Amino acid sequence: MRQAVILAGGMGTRLKAITGDLPKPLAAVEGRPLLDRQLELLASNGIRDVCVLCGYRADAIRDFCGDGSRWGLDVECVEEARARGTAGAVIDALDSLHDSFFVLYGDVVLDVDLAAMARVHEINRPDATLLVHPNDHPADSDIVEVDANGFVFALHSYPHPPGKDLPNLVNAGLYILDKEALAGLEGLPEKPDFGKHVFARMLESGRTLFGYRSPEYIKDAGTPERLNKTGRDLRSGRVAALSLRTPSPAVFLDRDGVVNEERSYISDPDEVVLIEGAAEGLKRLNGSRFRSVIITNQPVVARGEASEAQLQRVHNRLDTLLGACGAYVDALYFCPHHPDKGFEGERPELKFACGCRKPERGLIDRAAEDFNIDIASSWYIGDMTTDIELARRCGMRSVLVETGFAGRDGKFDAAATHVAPSLREAVALILEQDI
């Protein structure tokens, strides 16, 4: 994939105190315009043709970009004839676009492995791929629901109904679009928005959308506060550290007894209760260089006590409770199997000795492949000797928490590297050692 479209038409009213009369994409963060950083990223990922869709102060955008040769790019700046919204501007420019192309907003700071995202798009061949990730404010974000294979089956624009549990999987505003799928869309408003109109209409029309889950850095810098925050993240090295191009450490966590209270085979969302301080600990982890990944055995599925859909509702409740506290986990992997057979109501197809049930390392290896995790530099936080044994088998350091089973399950003779009262203190210990 060799083309990208940058939506650079915004006036940037909220940034006026910083930019004066310049358009938003020319706002400087750490001494460089947002647009400069984006063009450099595109070039480093093998993109060669860039279409910059301009509105307000198109002359300033055009003067800045030139022909794109200083980035090794071929840049064309196209001025909108009239304001048509973000998606409308792209639709109006379709005649000059490739069969498939990236779309990104001109007011974001990002460091994403675009080549990896393009490979996933080419493998799955959807009509559109959306980069999705959890964030610390899902209640006022557009939420995406995906199936077990990553294909989108529902979109939820905010505001969300009170009391509705949704997964913390947010439309991050970076897309790969197929031209043919956009060209045939009907029933759109005069100024369509991708998140609110185009993708919903595509689903209604039987088009396929894929949710590309990534923990990489992509943040809106459209207000003075957000611009300053992205600047701090650039200075600290956090932006680059989260890129999938570079192996990163993770903190793996058990679910029951570590994040939420141990209730034995949870099948009802109302049974999910956060352990005191768990959200606080995860929030600290979210601001660090560590990815956060839950690894959990859920034999409740093999036992026939909960379907995969019911388990997802449990995890939606967990996401909702954490999100209300400004916290999240980057991913959750579960094993639905159990080796023991012969029980009423069980699902025989899930009753076997698998390679993903802890302390087997299958889910750790899968997460490492999905998120380019450096296992040797990672940690595991658990409340059972099963968790500590898994960490030992993977060569990770571990923290046994004194919540949940507190190591009293007695299944393995495995000693943790450290012991902490709860997840909150375990995270503090890990981050102190990471200094």
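A brief look at the structure comes next. The structure displayed is predicted, hence computed values, not measured ones.

## Side note on the overall build of the protein
Thinking step 1. Across its full length, the protein carries 14 helices and 19 strands.
Thinking step 2. In terms of overall size, the protein behaves like a compact globule, its C-alpha atoms giving a radius of gyration of 23 Å where 435 residues would be expected to give roughly 22 Å.
Thinking step 3. In terms of principal-axis extent, the alpha carbons of the protein reach across some 70 × 50 × 40 Å.
Thinking step 4. Relative to its 435 residues, the protein shows a buried fraction of 54%.
Thinking step 5. Counting only contacts in the protein whose residues sit at least 6 apart along the sequence, the fraction spanning at least 24 positions is 72%.
Thinking step 6. Accessible surface computed for the protein: about 18,400 Å², of which carbon and sulfur atoms make up 48%.
Thinking step 7. Averaging the positions of the 50 positive and the 67 negative side-chain charges in the protein gives two centres separated by 2 Å.

## Here we look at empty space enclosed by the protein
Thinking step 1. This structure, assessed with the given rule, holds 2 cavities of 30 Å³ or more.
Thinking step 2. Lining the largest cavity are 16 residues, with Pro215, Arg238, Leu242, Tyr328 and Asp330 sitting closest to its centre.
Thinking step 3. For the lining of the largest cavity, the elements supplying multiple residues, two or more each, are strand E13 (217-220) and helix H10 (278-286).
Thinking step 4. For the lining of the largest cavity, the leading source of residues is E13, giving 3 residues.
Thinking step 5. When its residues are assigned to classes, the lining of the largest cavity shows 8 nonpolar, 4 polar and 4 charged.
Thinking step 6. Put simply, the second largest cavity is a space of about 50 Å³.
Thinking step 7. Taken together, Leu130, Asp142, Ile143, Val144, Leu155, His156, Ser157, Asn171, Gly195 and Phe199 make up the lining of the second largest cavity.
Thinking step 8. Of all elements in the fold, only strand E9 (143-146), strand E10 (152-156) and helix H7 (194-204) reach the threshold of two or more residues within the lining of the second largest cavity.
Thinking step 9. Of the residues in the lining of the second largest cavity, the class split is 5 nonpolar, 4 polar and 1 charged.

## Regarding the packing of aromatic side chains
Thinking step 1. Per the counting criterion, the structure on display carries 7 aromatic pairs.
Thinking step 2. Judged by centre distance (6.5 Å) and plane angle (20 degrees), the ring pair of Phe252 and Tyr380 falls under stacked. Within this pair, whereas Phe252 is found in strand E14 (residues 250-253), its partner Tyr380 is found in strand E17 (residues 379-382), the two being separated by 128 residues in sequence.
Thinking step 3. Note on Phe252: relative accessible area 0%, which makes it buried.
Thinking step 4. On the basis of relative accessible area, Tyr380 is assigned to the buried category, the value being 0%.
Thinking step 5. An aromatic cluster is present here, built from Tyr105, Tyr175, Phe194 and Phe199 joined pairwise through their rings.

## Observations regarding the sheet that holds strand E19 (residues 418-420)
Thinking step 1. If you walk across this open sheet you meet the 6 strands as E16-E15-E14-E17-E18-E19, and the pairing is parallel. The open sheet has two edge strands, strand E16 (331-335) and E19, and neither has a second partner. If you compare each strand with its neighbour and ignore which way they point, the axes differ by 25 degrees on average.
Thinking step 2. With 4 bridges connecting them, E17 and strand E18 (residues 397-401) associate as parallel partners. Bridge assignment links Trp379 to a residue of E18, and that residue is Arg397.

## Some remarks on the packing of helix H2 (residues 34-44) against helix H3 (residues 58-65)
Thinking step 1. The N-to-C vectors of H2 and H3 enclose an angle of 45 degrees; their axes lie 11 Å apart at closest approach. The orientation of H2 with respect to H3, classified from their angle, is oblique. Considering only the axes of H2 and H3, their crossing is right-handed. The residues of H3 that touch H2, namely those facing Leu35, Asp36 and Leu39, are Ile61, Phe64 and Cys65.
Thinking step 2. Partitioned by chemical class, the residues of the contact of H2 with H3 number 5 nonpolar, no polar and 1 charged.

## A few points about the pattern of salt bridges
Thinking step 1. Across all of its chains, the model carries 34 salt bridges by this definition.
Thinking step 2. Asp21 is the partner of Arg57 in a salt bridge, and the nearest nitrogen-oxygen pair spans 3.0 Å. Taken together, the residues span a long stretch of sequence, with Arg57 in the loop between strand E4 (49-54) and H3 and Asp21 in the loop between helix H1 (16-19) and strand E2 (28-29) at a distance of 36 residues.
Thinking step 3. Classification of Asp21 by relative accessible area gives partly exposed; the value is 43%.
Thinking step 4. Measuring nitrogen to oxygen at the nearest pair gives 3.0 Å for the salt bridge that ties Asp107 to Lys24. Residue Asp107 is located in the loop between strand E6 (100-105) and strand E7 (108-111), and its partner Lys24 is located in the loop between H1 and E2; the two are separated by 83 residues in the primary sequence. Each member of the pair, Asp107 as well as Lys24, carries the same accessibility label: buried.
Thinking step 5. Here the residues in one salt-bridge network are Glu360, Glu389, Arg392 and Arg393, joined through shared partners.

How each quantity is defined
Residue numbering note: each chain is counted from 1, following its sequence as written. Restriction of local features to residues with pLDDT of at least 70 applies here, the model being predicted, together with a cutoff of 80 or more for giving and counting side-chain atom pairs; totals for whole chains, interfaces and linings are based on all residues. Side-chain calculation: all heavy atoms of the structure are included, whereas hydrogens and water are not. Working definition: helices are DSSP H or I runs of at least four residues, strands are E runs of at least two. Numbering for both runs from the N terminus. Our radius of gyration looks at C-alpha atoms and nothing else; its globule reference is 2.2 Å times the residue count to the power 0.38. Here the term buried applies to any residue with accessible area under 20% of the maximum for its type, exposed to any over 50%, and partly exposed to those in between, with areas from a 1.4 Å probe on protein chains only. Contacts are assigned to residue pairs that have any heavy atoms within 4.5 Å of one another. Surface exposure here means Shrake-Rupley accessible area, sampled with a 1.4 Å probe, where a residue is shielded only by the protein chains that are shown. The charged-residue count follows a simple rule in which Lys and Arg add positive charge and Asp and Glu add negative charge, with His and chain termini not counted at all. Positions of charges follow a simple convention, taking NZ of Lys, CZ of Arg, CG of Asp or CD of Glu. Space inside and on the surface of the protein is sampled on a 1 Å grid over the protein atoms alone, with a cavity defined as a set of points where a 1.4 Å probe fits but cannot get out and a pocket as an open set with protein on both sides within 12 Å along at least 5 of 7 lines; lining residues have an atom within 4 Å of a point. Grid points are joined across faces, edges and corners, and a volume is the space filled by probe spheres set on the points. Charged means Asp, Glu, Lys or Arg here, nonpolar means Ala, Val, Leu, Ile, Met, Phe, Trp, Tyr, Cys or Pro, and polar covers whatever is left, Gly included. Each Phe, Tyr or Trp ring (for Trp, its six-membered ring) is paired with any other whose centre lies within 6.5 Å, and the angle between the two planes then decides the class: stacked below 30 degrees, edge-to-face above 60, tilted in between. In this description, strands pair whenever DSSP reports at least two bridges between them. Axes here mean lines fitted to C-alpha atoms, for a helix over just the part in contact, with angles spanning 0 to 180 degrees between N-to-C directions. Each angle receives one of four descriptions, namely roughly parallel if under 35 degrees, roughly antiparallel if over 145, roughly perpendicular if within 65 to 115, and oblique otherwise. Handedness of a crossing is defined here by the sense of rotation of the near helix relative to the far one, left-handed for an anticlockwise turn of less than a right angle and right-handed for a clockwise turn. Salt bridge, as used here: a side-chain nitrogen of Lys or Arg that lies within 4 Å of a carboxyl oxygen of Asp or Glu.

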